[in-house]
Every structure is written in C-alpha cells, then in structure tokens.
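Summary of the model geometry
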Amino acid sequence: MIAATMGAVARAREVAATVTDPEMPMLTLVDLGVLRDVHQDGDGTIVVTITPTYSGCPALATMREDLSNALAARGFERFEIRISLAPPWSSDWITAGGRRKLEEHGIAPPHAAPRPATGPVPLTLVARRPVVQCPQCNGLDTEELSAFGSTTCKALHRCRCCGEPFERIKEI
C-alpha cells in the first residue's frame, strides 16, 4: 500500500497523467484538460477529479475505469475517482502540447471557445463558420462536411486545397 503522504499525491498525479483519452488515444487526460485535481482526503484516500468534455460523454466510464486500473496497478489501494461538472469543461483547456498532438494526428484543434456576452446579445442572422486550417497541408480553403464526426466533440471537414478529409475538435 502507498503511504498517506504528499509524495503519494505526487505519484498519484504522475500515474493519472499517463492515462489517455479512450476516443483520442494520442492525448492524455492532462493534454485534453480533463484531469482537474489529485489530492488526498483526511483518511488517506487519494481523490482524482476529472471533468468530462460534456456531461453525456460516452467515454467517461472508460476514463474512470482506466484511471482506477492505472492507480491499482501502481499500488494504490485507497482511491476514488470523482466527476466534477462545474465549471464545465472548455476546449480552451486543451494544452498547447495537446493541440500539437491533434495536428500531428490530422485533427484540427479548436479555436478559442465562445465567451458569454456581458451586455446585449448581438443578433446574428447568418451563421459564421470559423476558418479551419487543414492539418495535412495547412491550407485555409476548407469546408465543413458534417457537424458530427466520429465523436460528438468533432466535426468532419474537407480541404479544397489537397482534397483530404479531416476532423476538427469543436469549440465548447
């Protein structure tokens, strides 16, 4: 059993940081911004808190199981995986390293997430689509083929420059 020490928290954080996202295994939960906190309760239980990319994320159960398996494999016996929905996850939480990994795997990273208005809400009659750079050729002449990709948090695009299809992480 791992002793109840600050060293245990650091080791638990290191273990949790190795767990990958089940839908995008090139990203760790840290890269994705899903790993929120690792601490120790008064009774010595290691508590790992994650925030899903959205409350209905089908990968959440797998993330939880993968974290549990990783901690148990490294000798942790008393731990708890908690889910925190507040504040809600934002695509802005994807790290710079995570964005780089997405591009390296042919997935366009998200732009900055929209911010809530602090005053009157402007009326937009025509939806504005963000300019999405192709992760294959860096071309800017791209089109959205479907607002839904292989997972709920992705959209399907095609580059008109190189003709390649690619996915993009949506801004949330």
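In the annotation of an unreviewed UniProt entry, the chain is listed under the name Phenylacetate-CoA oxygenase subunit PaaJ and assigned to Mycobacterium scrofulaceum.

**A few points about the pairing of strand β6 (residues 154–159)**
With four bridges connecting them, strand β5 (residues 142–146) and β6 associate as antiparallel partners. In the sheet register, E143 faces β6, and the bridge partner there is R158. Bridge count for β6 against strand β7 (residues 165–169) is five bridges, and the pairing is antiparallel. What sits directly across from A155, in β7, is R168. A loop of five residues connects β6 with β7, the two strands running antiparallel in sequence, and G163 in this loop sits at a positive phi of about 80°.

**Side note on the sheet that holds strand β3 (residues 79–83)**
Overall, mixed pairing links the three strands, which are arranged β1-β2-β3 in an open sheet. Looking at which strands have only one partner, the edges of the open sheet turn out to be β1 (35–40) and β3. Taking the axes of each pair of neighbouring strands and ignoring which way they run, one obtains an average angle of 15° across the sheet. By the bridge criterion, five bridges tie β1 to strand β2 (residues 46–50) in an arrangement that is antiparallel. Paired with D37 across the strands is T49, a residue of β2. Docked against the sheet, helix α3 (residues 60–73) engages β2 and β3, running at close to 160° with respect to β3.

**With respect to the pattern of salt bridges**
Taken as a whole, this structure holds eleven salt bridges when the rule is applied. Between R82 and E80 there is a salt bridge, with the nearest N and O atoms lying 3.1 Å from each other. Since its relative accessible area comes to 30%, R82 is described here as partly exposed. Across the pair R168 and E144 runs a salt bridge whose closest N-O atoms are separated by 3.8 Å. On the criterion of sequence distance, the pair formed by R168 in strand β7 and E144 in strand β5 is long-range, its members being 24 residues apart. E144 sits in the partly exposed class, given a relative accessible area of 26%. If you follow the salt bridges from partner to partner, you end up with D141, E143, R158 and R160 in one network.

Cut-offs and rules
- Residues numbered from 1 in each chain as written.
- Predicted model: local features only at pLDDT ≥ 70, side-chain atom pairs only at ≥ 80, totals over all residues.
- Heavy atoms only, no water.
- Pairing = 2+ DSSP bridges.
- Helix = DSSP H or I, 4+ residues; strand = E, 2+ residues; numbered from the N terminus.
- Axes fitted to C-alpha atoms, helices over the stretch in contact; angles between N-to-C directions.
- Contact = heavy atoms within 4.5 Å.
- Salt bridge = Lys/Arg side-chain N within 4 Å of Asp/Glu carboxyl O.
- Buried < 20%, exposed > 50% of the residue type's maximum accessible area, 1.4 Å probe, protein only.

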